[in-house]
Amino acid sequence: MVQFGGVTIDIDGRQVHLDGEPQHLEPQAFDLLAFLFAERQRVVPKHEILDAVWGDQFVSDAALTTRIKEVRRAVGDDGTRQHVIKNVRGRGYQFVAQLGTPNTAVSRPPVSTLVGRDDDVAATLDQLQRERLVTLVGPGGVGKTTLALELARLLRDRFTDGAHVVRLGRLRNPVEVVHALRLDLDLGQVGGDESSLLAAIAALDALVILDNCEHVIDEAARLVAAIDELGGDVRVLATSRERLGVHGEHVQTLAPLDRAAAVDLLRSRVARADSAYRWPSDQEPVIDRLLEMVDRLPLGIEMAAGRLPMFGPAELVDLLSDGLDVLQSPTRGREERHQTLRGLVEWSLPLLSVAARELLVSMSAFAGAMRLDDLTAVAQVDGRALAAGPLAELIDHSLVVADTSRTPTRYRLFDTVRAVVGPQRDQDLDAQHAAWVVAAVDRADRDLRTIDEPRAAARLDELVAETRVAHRWASAHDPAMAADLVAALLLYAQERQWPELAEWSAELIDEPDCAAAHLAAAAADASNRGRLDDARDLAQRALESDDVRVVASALDTLANLGLYEGNLDRVHEFGEALRALGAEHADPFVWMLGTNSISLALTYAGEVESARAVLHAGRPDGELAPTIRAWLDYADAEAALASGDVTQALQLVERAIRIGESVRAGFVVSVAQVTRLSALSRAGDGDAAAAAFVPVLRQYRFTHDVTHVVTALRNVVVLLARLGRDREAVELLGALAAASTDSYGGELADLTTAVDAITARHDADTVAAWLSTGNEHDMSWATERAIEALDGDREH
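So, a few notes on the structure that sits alongside this text. (Residues numbered from 1 in each chain as written. Predicted model: local features only at pLDDT ≥ 70, side-chain atom pairs only at ≥ 80, totals over all residues. Heavy atoms only, no water.)

**Quick word on the overall build of the protein chain**
As a reminder, the rule being used: The helix and strand labels rest on DSSP assignments: H or I over at least four residues marks a helix, E over at least two residues marks a strand, and numbering proceeds from the N terminus. Partly exposed residues are those whose accessible area sits between 20% and 50% of the maximum for their type, while under 20% is buried and over 50% is exposed, using a 1.4 Å probe and protein chains only. Whether two residues are in contact is decided by their heavy atoms, any of which lying within 4.5 Å being enough. Using a 1.4 Å probe, the Shrake-Rupley method yields the accessible areas, and only the shown protein chains count as cover for residues. Counted charges follow a simple rule, with Lys and Arg positive, Asp and Glu negative, and His plus the chain ends left uncounted. Charge positions come from single atoms, namely NZ of Lys, CZ of Arg, CG of Asp or CD of Glu.
Per the secondary structure count, the protein chain includes 36 helices and 14 strands. Principal-axis analysis of the C-alpha atoms gives the protein chain an extent of 105 × 65 × 50 Å. Sorting the 796 residues of the protein chain into buried and exposed places 54% on the buried side. Pairs at least 24 apart in sequence give 68% of the contacts found in the protein chain among residues at least 6 apart. For the protein chain, the exposed surface amounts to about 34700 Å²; the carbon and sulfur share of it is 48%. Of the side-chain charges in the protein chain, 80 are positive and 124 negative, and the distance between the mean point of each set is 5 Å.

Spelled out as structure tokens, the structure:
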């Protein structure tokens, strides 16, 4: 049990209490806290935290930041004080709390009862202490009114005349604002003229909250400016979807909740709605999707909480996909526009110009964030006029978010807004969006084969959400366009191990007019999944295409099938075809596919010198793309390993892995990892090989790559035999007997040596029993058994 300040952490029980109250932490967040506590004597680099908590999963720094925030919230810390988790800039994080001592700095700050708004409360309080006018700006439903009311509660005793809320949302006409000020501030005794009223307000020692200014913005701004000019002690806090735009105004932007706070709010509101409801701890991705669909807006979260016990997460997400109408406010008596998310959005639309409303509809064609040139290409409007006019208006009205942290700026429409305005979009706009996506992906695909690969890969990462929408539309309205999109994504999907392309194609391959691009994508997936006959049939059908990218993908699949089945002549044949195709079309990636296939065929046939010569002959001019260089290094490492030069093999394959990781080319990294592990095993470094095999196996399990996991498991058998883990080795060998590929070459020689060593150490009946156990199981079981055995060896 760990105790400090008001915090108690039960490491074994995986529980955290703050001031006696249990705090919810997602599993990864608790793992992060426990790891930092265990390593509290030092600053832990980010990469070590990522490896310890997420293992072989790829996650961004943003995911780590989110979990750090979640941990800090649970222990009463924050990014400003850092009394528990300290961020050492440029180095990492350290657990710094003093154990076993009273530490009031880490007790829950008695500032606010709002979930996830401590920083916003503190920042607004600080501004109100220094400034006469502060405006809380944010989208509808983000909690501006709730935050303002909390500030009124916290500050009412600091002002002689207290804190007052003037509710402007109920007004129909701007001329009513003056009357509302008089009524809600209880200034009926003041003379009837406006100037007397404003002078009386300026003289108050009070906090005046003008709530919901957006529909009377001009009148509210005029009156606030007049009050400010009079001086005095009054503080004005306005809430609005857009700034007032007056002199002396200080804007505090209120954003949707971060992920951790959104989950906390959802959990607490679900508990209020139905105390018997059991939180679905195994559906974290679905919960995340639900929160994104309501833009992590507190009002949307409260509405979702009321429906969650009725439908469950998955069904509620499905219902929301058909529209927002399923969500309604659980609180009776709320203003009409706060009763539904649709009403919340529709309230804003009449406040916009015609041009802004039209742009909003155009933006709804995009599934995610967009650049200005993306938007102008699809909407077919002048970008300069767009940015200065309707786009700026939408940002000012908190309907569009501008992300200026990247260059160029990205603009994102709230999902709740898209759901309302999207049905107003016509088919021509969807067609323009789909055509733009195909063109953008095609440009990126060409660059993916060059030294510009990192930029092209990042661009394709950005476009993933758009490709889903475009393919869905094109499949229904323009099948040829859908096929062009798939062809342009073949290389990206294969090298980045992106499974959706195969999923799209699997739905179409039984159609008599199925496009060759879909067949090629399905063939590559079938090959990886170990369905070799299906892969061969699909690839042969795809060869009829006149698109070089499709033909190259099909030939590559056929060459790989030859490698899996030990038909090295076929590998050589398809490699020559690929090499010629790449030369004909000046495509260095296709040339590399052919070159590697030929080199590997020669290596496994024992012609190592010829294999290495092929890799260095006839290279295209200029610098090659990183992934191409990584694949060539991998093939070179295979040849070095076959020649017995383990040291050089390790150098080459580790360089291949570094290069592949630098551009997130997961396929070459995972294949090269197996070669590296084989080399480590041969070098006698069994501990390093055992430690490194586990994340590789987990990755193959995640991608359902049966073919490559078979190769990896054969290497595990050899490693376990060398480590004396004979039972596990033989059981894996039994499971591998049902594999659709045969071993040959150096791999077969290593397996034979391992089996001979095991049979020499045990009687025949024992080995047969172990083998029989393995025969009863499939690759999924074998993968888990291998991970268990390797983890067990590391513990020993």
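**Regarding the sheet that holds strand β1 (residues 2-4)**
Which entries qualify depends on this criterion: In this scheme, strands are said to pair when DSSP sees at least two bridges between them. Inter-axis angles, ranging from 0 to 180 degrees, are taken between N-to-C directions of lines fitted to C-alpha atoms, where helices are fitted over the stretch in contact.
Spatial ordering of the open sheet is given by β1-β2-β3-β4, a layout of four strands whose pairing is antiparallel. Each edge of the open sheet is held by one strand with a lone partner, namely β1 and β4 (21-23). Within the sheet, the average angular offset between the axes of one strand and its neighbour, ignoring direction, is 20°. With four bridges joining them, strand β2 (residues 7-10) and strand β3 (residues 15-18) adopt antiparallel strand pairing. Along β3, the bridge assignment pairs T8 with H17.

**Brief notes about the packing of helix α30 (residues 666-682) against helix α32 (residues 706-722)**
Threshold: Roughly parallel here means an angle under 35 degrees, roughly antiparallel means over 145, roughly perpendicular means 65 to 115, and every remaining angle is called oblique. Take the far helix as the reference: if the near one is turned anticlockwise from it by less than a right angle, the crossing is left-handed, and if turned clockwise, right-handed. Put simply, Ala, Val, Leu, Ile, Met, Phe, Trp, Tyr, Cys and Pro go in the nonpolar bin, Asp, Glu, Lys and Arg in the charged bin, and everything else, Gly too, in the polar bin.
Running from N to C, α30 and α32 cross one another at 15°; their axes reach a closest spacing of 10 Å. Taken together, α30 and α32 sit at an angle that is classed as roughly parallel. Along this stretch, α30 crosses α32, giving a crossing that reads as left-handed. Side by side, α30 and α32 meet where F667, V671, V674, S678, S681 and R682 of the first sit next to H708, T711, A712, N715, L719 and R722 of the second. A breakdown of the residues in the contact of α30 with α32 according to their chemical character gives five nonpolar, five polar and two charged.

**Some words on the side chain of T603**
Within the secondary structure, T603 sits in helix α26 (residues 588-604). Taking the relative accessible area as the measure of exposure, T603 reaches 5% and is therefore buried. T603 has contacts with A611, E638, A639 and A642, leaving out every residue within four places of it along the chain.

**A look at the pattern of salt bridges**
Rules: Take a side-chain nitrogen of Lys or Arg and a carboxyl oxygen of Asp or Glu: if they are within 4 Å of each other, that pair is a salt bridge.
Taken as a whole and assessed by the stated rule, the structure comprises 51 salt bridges. Across the pair E214 and R241 runs a salt bridge, and its minimum N-O distance is 3.9 Å. On the criterion of sequence distance, the pair formed by E214 in the loop between β9 (207-211) and α8 (217-229) and R241 in the loop between β10 (235-240) and β11 (249-253) is long-range, its members being 27 residues apart. Exposure class is identical for E214 and R241. Each is buried. Sharing partners across several salt bridges, the network here consists of R371, D374, D403, R406, R410, R459 and E462.

**Considering the sheet that holds strand β14 (residues 410-413)**
Strand order in the open sheet formed by three strands is β12-β14-β13, with antiparallel pairing between adjacent strands. Each edge of the sheet is formed by a strand with only one pairing partner; in this case those strands are β12 (370-371) and β13 (400-403). Two elements, β13 and β14, share four bridges in a ladder whose sense is antiparallel. Across the sheet, the residue bridging to V401 is R412, located in β14. On the sheet, helix α16 (residues 383-396) packs against β13 and β14 and is oriented at approximately 100° with respect to β13.

**Let's talk about the packing of aromatic side chains**
Filter applied, for reference: Any two of the Phe, Tyr and Trp rings considered here, Trp counted by its six-membered ring, make a pair once their centres fall within 6.5 Å; the pair's planes then place it as stacked at under 30 degrees, edge-to-face at over 60, or tilted in between. Lysine and arginine charges are scored as sitting over a ring when NZ or CZ, respectively, is within 6 Å of the ring centre and within 35 degrees of the ring normal.
Taken as a whole and judged by the stated rule, the model has seven aromatic pairs. Taking 5.5 Å as the distance between ring centres and 70° as the angle between the ring planes, the aromatic pair formed by W631 and F667 counts as edge-to-face. Of this pair, W631 sits in helix α28 (residues 626-642) while F667 sits in helix α30, and the two are 36 residues apart along the sequence. In terms of burial, W631 and F667 fall into one category: buried. Through a chain of ring-to-ring contacts, three or more aromatic side chains come together here, namely F4, F37 and F95. The cationic tip of R40 hangs over the ring face of F37; the distance from NZ or CZ to the ring centre is 4.1 Å.

**Description of unusual backbone geometry**
P408 follows T407 through a cis peptide bond whose omega is -5°. Here P408 is to be found in the loop between β13 and β14. The phi angle at D186 is positive, at roughly 55°, despite the residue not being glycine. Within the secondary structure layout, D186 lies in the loop between α6 (177-184) and α7 (194-202). The phi torsion at N212 lies on the positive side, around 65°, for a residue other than glycine. As for its placement among the helices and strands, N212 is situated in the loop between β9 and α8. Among the residues examined, N212 registers a relative accessible area of 5% and is labelled buried.

**Here we look at the environment of A721**
Position of A721 relative to the elements: it lies in helix α32. A relative accessible area of 8% places A721 in the buried class. Through-space distance from the C-alpha of A721 to that of V755 is 7.8 Å; in sequence the pair is 34 residues apart. Apart from the residues lying within four places of it in its own chain, the contact partners of A721 are D726, A729, A754, I758 and R761.

**With respect to the pairing of β3**
Here β3 shows a buried face lined by V16 and L18 and an unburied face lined by Q15 and H17. In sequence, β2 turns back onto β3 through a hairpin of four residues, with R14 there showing a positive phi of about 55°. With three bridges connecting them, β3 and β4 associate as antiparallel partners. Opposite V16, over in β4, you have Q23 as the bridge partner. Hairpin connection from β3 to β4: two residues lie between these consecutive antiparallel strands, with D19 at a positive phi of about 50°.

**Concerning empty space enclosed by the protein**
In plain terms, the rule: Space inside and on the surface of the protein is sampled on a 1 Å grid over the protein atoms alone, with a cavity defined as a set of points where a 1.4 Å probe fits but cannot get out and a pocket as an open set with protein on both sides within 12 Å along at least 5 of 7 lines; lining residues have an atom within 4 Å of a point. Grid points are joined across faces, edges and corners, and a volume is the space filled by probe spheres set on the points.
A full pass over the atoms with the stated rule returns five cavities of 30 Å³ or more. Of the pockets and cavities examined, the largest cavity occupies roughly 90 Å³. G140, L344, V345, T416 and V417 are the residues nearest the centre of the largest cavity, which is lined by 13 residues in total. Contributions of two or more residues to the lining of the largest cavity are made by α13 (341-348) and α17 (415-421). Residue contributions to the lining of the largest cavity peak at four residues, all from α13. Among the residues making up the lining of the largest cavity, the classes are represented as eight nonpolar, four polar and one charged. There is about 60 Å³ of room inside the second largest cavity. Lining the second largest cavity, in full, are L677, S678, S681, R682, F693, N715, V718, L719, R722 and D750. Among the elements of the structure, α30 and α32 are those that each provide at least two residues to the lining of the second largest cavity. When the residues that make up the lining of the second largest cavity are grouped by side-chain class, the tally is four nonpolar, three polar and three charged.

Everything listed here is a matter of coordinates, which is why it stays silent on function.
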